[in-house]
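Below, each chain spelled out in residue letters.
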Amino acid sequence: MHVKSAQSTFRDRTQEFQSIAEQRKKSFSSGSVPNGSSSSSKSEEQRSVVAIQSEFNRRASKIGYGIHQTSQKLAKLAKLAKRTSVFDDPTKEIQELTGLIKQDITALNSAVVDLQLLSNSRNESGNISSDTTSHSTTVVDDLKNRLMSTTKEFKEVLTMRTENMKVHENRRQLFSSTASKDSTNPFVRQRPLAARSAASSSNAPPPPPWANGSPSSSQSFPRKQMDGESQPLLQHQQHHQQQQEQQLVPLQDSYMQSRAETLQNVESTIHELSSIFNQLATLVSQQGEIAIRIDENMDDTVANVEGAQGALLKYLNSISSNRWLMIKIFFVLIFFLMVFLFFVA
Amino acid sequence: MALNLRQKQTECITRMLNLNQPVNATGTANEEVYKILIYDKFCQNILSPLIHVKDLRKHGVTLYFLIDKDRKPVHDVPAVYFVQPSQANIQRIMADTSRSLYDSFHLNFSSSIPRPLLEDLASGTLSSDSIHRISKVHDQYLEFVTLEDGLFSLAQKSTYVQLNDPSAGDREIEEIVDRIVNGLFCILATLAVVPIIRCPRGGPAEMVASALDQRLRDHLLSKNNLFTEGGSFVSSFQRPILCIFDRNFELSVGIQHDFRYRPLVHDVLGLRLNRLSVQGEKGGMRSYELDSSDPFWVANGSLEFPEVAVEIETQLNKYKKDVDEVNRRTGGTDGAEFDETDLTGNTKHLMNAVNSLPELTERKQVIDKHTNIATVLLGEIKERLLDSYAKKENDMLVRGSIDRNELLGVLKGKGMKMDKLRFAIMYLISSESINQSEVESVEAALRESEVDTSAFQYVKKLKSLNASMASASSASRNNIVDWAEKIYAVTAGVKNLLSSDRQLALTRTVELLMEGKPNPEIDGCLVFDPRSPKSSSGSSHLRGPFKEAIVFMIGGGNYVEYGSLQEFAQLQQPVKHVIYGTTEILTGAEFVEQLAFLGHKMGLGSNVAASTHF
């Protein structure tokens with residue numbers, strides 16, 4: 001209904017225009033032949049310019065389309081990540097999709113860089129108007145912005161995914177048997193302040209698929225999982241009197257592992273801080289492009305004022321020069337008159 | 001259906017920017033095409049309150065130019081033109097197409113382009129062999145400026161002068177009426193409604209109403225009309241009412257000094273197209289935008305100025321408290337427990353703080369902006385004694401008279417000439433009977449202060465004409481003014497107890513018209529219904545209570561009327577919607593200048609001659 005109403009508030013006069021054109025063409029058909037040759041030569045030199053321009057346009061539209069597709073895939077990923085539950089975890093799908101999206105974003109990034117190089121080289125080759133230059137710069141900027149926002153969305157989706165994983169791990173802890181509790185207790189006993197270990201064995205399956213990805217963002221995920229384990233750990237500290245003498249060798253291993261996890265935790269905090277700083281940086285850079293209005297054209301005003309000033313100056317010159325000319329003529333006339341009077345009278 | 005003119009116009013413009021293809025839910029067209037936007041001066045005024053450069057980029061517009069600017073070719077990119085259908089613009093377009101500046105031209109005209117101009121365009125582009133570049137021609141019916149959700153202006157200058165000019169011929173008046181009708185037709189087309197038109201008898205209002213009625217009738221008869229959404233189900237409860245008034249209906253509103261925030265900013269600081277330039281606190285001009293995206297402006301625009309200052313204080317304190325809270329949560333007070341557990345906790349707090357930073361910054365900006373505006377305003381008020389003017393004028397209008405000494409005291413005291421002139425004219429309008437000696441003394445006082453009294457003389461003449469007209473016939477439109485004044489003069493005492501605002505005659509009349517009950521006050525008003533067949537008259541079922549109204553003032557309106565109408569609409573149960581529009585939005589000074597011009601034309605001028613050109 002809304003689309004229908006939107007369509008009815010304007011009128012398409014194209015048909016009318018073209019019918020008029022047809023009529024006129026018939027009456028002009030005799031006179032248009034001599035114009036043909038000149039127009040063809042004009043179009044020749046335009047064609048080369050147009051070719052480069054269309055290359056740029058084609059690439060830009062390809063990139064735009066790629067970004068559009070990537071954001072669609074991202075929407076799918078977000079839906080998948082949201083709907084996971086403890087037992088029905090489509091990890092493989094999510095993993096595949098994440099890999100795909102990462103590839104896409106990297107490819108798009110390099111494509112945008114290429115596009116920028118192309119536009120720079122073309123601008124330097126001359127023969128291009130200033131408007132075209134600003135147009136291409138704006139297009140590249142716009143594509144970069146959109147890519148950046150897509151990457152940010154991607155990061156947010158991954159963060160959400162991690163949090164979900166954390167929640168699942170918590171629930172798994174609650175549901176799982178005491179076997180896992182046994183393995184955690186010695187850690188607690190040995191290092192009550194370590195506070196980071198918690199069922200590393202049960203966590204072994206999830207980290208590898210993530211760690212295989214190896215971009216910087218995904219490294220923070222298993223660490224963030226560990227953050228969540230601090231709560232169940234507090235519970236475990238109450239049961240630390242069980243089975244202290246068990247597993248000395250695994251104790252050693254687990255000690256190393258707990259150290260590793262502590263380090264990873266610190267690393268994750270650093271990652272979080274880096275994201276905060278990134279946010280701040282984008283905030284600062286975005287301050288530049290807020291609400292500019294269309295009519296805030298200072299250049300136009302200045303140009304107009306200068307033009308007016310120049311026109312006035314010219315007019316002043318013309319007036320004064322005329323005046324001088326007239327005065328001179330006047331003097332010459334008077335001079336002749338006086339001479340006349342002198343000699344006649 | 002709430003009539004939100006601003007939203008509708010924005011939708012139309014968005015659609016136009018997407019090359020008139022249907023826009024999907026995310027607000028961008030399916031195809032990603034980068035385009036260039038070209039407009040002329042009038043359309044720049046239409047676009048600037050509605051769309052910012054950010055939105056343009058979102059819709060794929062990379063560059064935007066004035067049509068008169070010298071532009072360079074950008075090949076292989078479509079260009080969207082949004083211009084008025086005038087001969088000069090058509091010439092420019094033909095020049096552009098012959099130079100092949102852009103790949104394809106999508107022409108959008110702000111109102112319907114007449115056939116001769118279309119033919120000119122066709123022949124021009126044919127002769128330069130570039131007609132294949134013009135891909136589309138559209139009529140957009142957007143020839144009006146929307147400033148807020150319920151406020152529009154046709155941006156037609158000096159209509160009051162031209163309509164009331166004694167030397168204006170019939171043809172000129174017809175032209176002006178046509179232009180106004182064109183603008184109103186665009187508004188109705190954008191809203192896609194066919195309203196019931198009511199106007200007081202006589203004067204330009206009646207001319208405009210009957211011309212608009214005729215135009216709507218003709219249009220509805222043609223197939224493929226723009227109002228198909230109206231459909232067959234037409235009842236009085238769904239159609240709004242369009243009330244057309246002339247400025248002479250209530251002259252005082254255009255001249256008086258008002259003390260509310262929005263009218264003050266417009267009158268004193270010069271708010272144009274929602275944009276304001278004031279002296280910043282650190283020197284240098286700052287430019288601000290005041291529109292519906294500014295929460296403080298929306299909430300407090302109709303408060304009196306002292307209350308606004310209090311409100312700014314409150315907001316500032318709240319902001320400071322929030323900032324302190326953020327500082328406390330992340331800051332240096334609790335450095336005690338800083339082990340690893342709380343490392344996470346701290347970073348979480350830090351992240352929350354960073355996320356709330358943009359919101360806090362924005363709030364601070366808004367508060368700073370309004371503090372600056374209020375400070376400058378306060379300076380102006382103190383210098384020009386605007387508060388005393390406003391108060392005294394209000395007293396005059398309510399009571400109908402003023403103490404003579406007070407009057408002369410104001411006129412002889414300090415203050416700007418324009419303010420004194422406005423005060424004197426207000427005295428003239430508000431006093432029920434013209435006391436000749438008092439008027440003489442007022443004129444003498446004005447001349448002493450070297451004020452150009454031509455406007456004063458003009459209003460005096462107008463008032464004397466009205467007085468004679470009122471006594472001549474009982475069915476004149478001035479009865480409405482008399483009735484309205486009598487009514488609120490009687491209830492003035494009661495009203496003063498209840499509220500400090502006087503209701504304008506305009507608001508009162510609109511209220512009665514919207515209720516639709518037969519009332520002796522408004523029986524003088526004519527009714528036009530473009531949808532009904534010509535023969536039927538007095539279709540009483542269409543006089544039911546209306547929920548929505550469009551009020552149009554010919555000759556110049558201002559924010560005082562707008563504020564008063566909005567107030568009235570909000571107070572109703574259930575809430576009604578009123579859209580207010582005029583031919584142009586004038587400050588008091590500008591309107592008095594127009595009156596002075598008319599006074600000069602009629603030869604009523606005084607020694608100080610004003611040489612303004614309209």
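Read on for a plain summary of the structure.

Quick notes on the rules
Residues numbered from 1 in each chain as written. Chains lettered and ligands numbered in written order. Predicted model: local features only at pLDDT ≥ 70, side-chain atom pairs only at ≥ 80, totals over all residues. Heavy atoms only, no water. Buried < 20%, exposed > 50% of the residue type's maximum accessible area, 1.4 Å probe, protein only. Helix = DSSP H or I, 4+ residues; strand = E, 2+ residues; numbered from the N terminus. Pairing = 2+ DSSP bridges. Right-handed = clockwise from strand over helix to strand, strands pointing away. Salt bridge = Lys/Arg side-chain N within 4 Å of Asp/Glu carboxyl O. Expected span 1.5 Å × (residues − 1).

## Observations regarding the pairing of strand E13 (residues 548-554) of chain B
Residues and elements named next belong to chain B. For E13, a buried count of seven out of seven residues is recorded, marking the element as mostly surrounded by other parts of the structure. Residues Glu548, Ile550, Phe552 and Ile554 of E13 are buried on one face, and the alternating residues Ala549, Val551 and Met553, pointing to the opposite face, are buried as well. Both strand E9 (residues 241-246) and E13 contribute to a ladder of six bridges, which runs parallel. Each bridged residue has a counterpart across the sheet, and for Ile244 the counterpart in E13 is Phe552. With six bridges joining them, E13 and strand E14 (residues 577-582) adopt parallel strand pairing. Bridging from a neighbouring strand, Ile550 pairs with Ile579 of E14. Tracing the backbone out of E13, into helix H22 (residues 559-571) and back to the parallel element E14 gives a crossover that is right-handed.

## A few points about the pattern of salt bridges
Side chains carrying opposite charge are able to pair once their charged atoms draw close together. Taken as a whole and assessed by the stated rule, the structure comprises 29 salt bridges over all chains. Here Glu119 of chain B and Arg115 of chain B are joined by a salt bridge, their closest N and O atoms 3.3 Å apart. Pair noted here: Glu119 of chain B and Arg115 of chain B are both in helix H5 (residues 115-127), with a separation of four residues, about one helical turn. With a relative accessible area of 37%, Arg115 of chain B lands in the partly exposed category. One salt bridge in this structure joins Glu590 of chain B and Arg272 of chain B, with 2.8 Å as the shortest N-O distance. In this pair, Glu590 of chain B is assigned in helix H23 (residues 588-601) and Arg272 of chain B in the loop between helix H10 (261-269) and strand E10 (275-279), connecting sequence segments 318 residues apart. For Glu590 of chain B, a relative accessible area of 25% corresponds to the partly exposed category. Residue class for Arg272 of chain B comes out partly exposed when judged on its relative accessible area of 40%. A single salt-bridge network, built from bridges that share partners, covers Glu16 of chain A together with Arg115 and Glu119 of chain B.

## So, helix H8 (residues 203-221) of chain B
The terminal C-alpha atoms of H8 of chain B lie 28 Å apart, and with 19 residues this matches the ideal 27 Å at 1.5 Å per residue to within 8%. For H8 of chain B, every residue scored as buried is listed here: Pro204, Ala205, Val208, Ala209, Leu212, Asp213, Leu216, Arg217, His219 and Leu220 of chain B.

The quantities given are spatial measurements derived from coordinates; they are silent on function.
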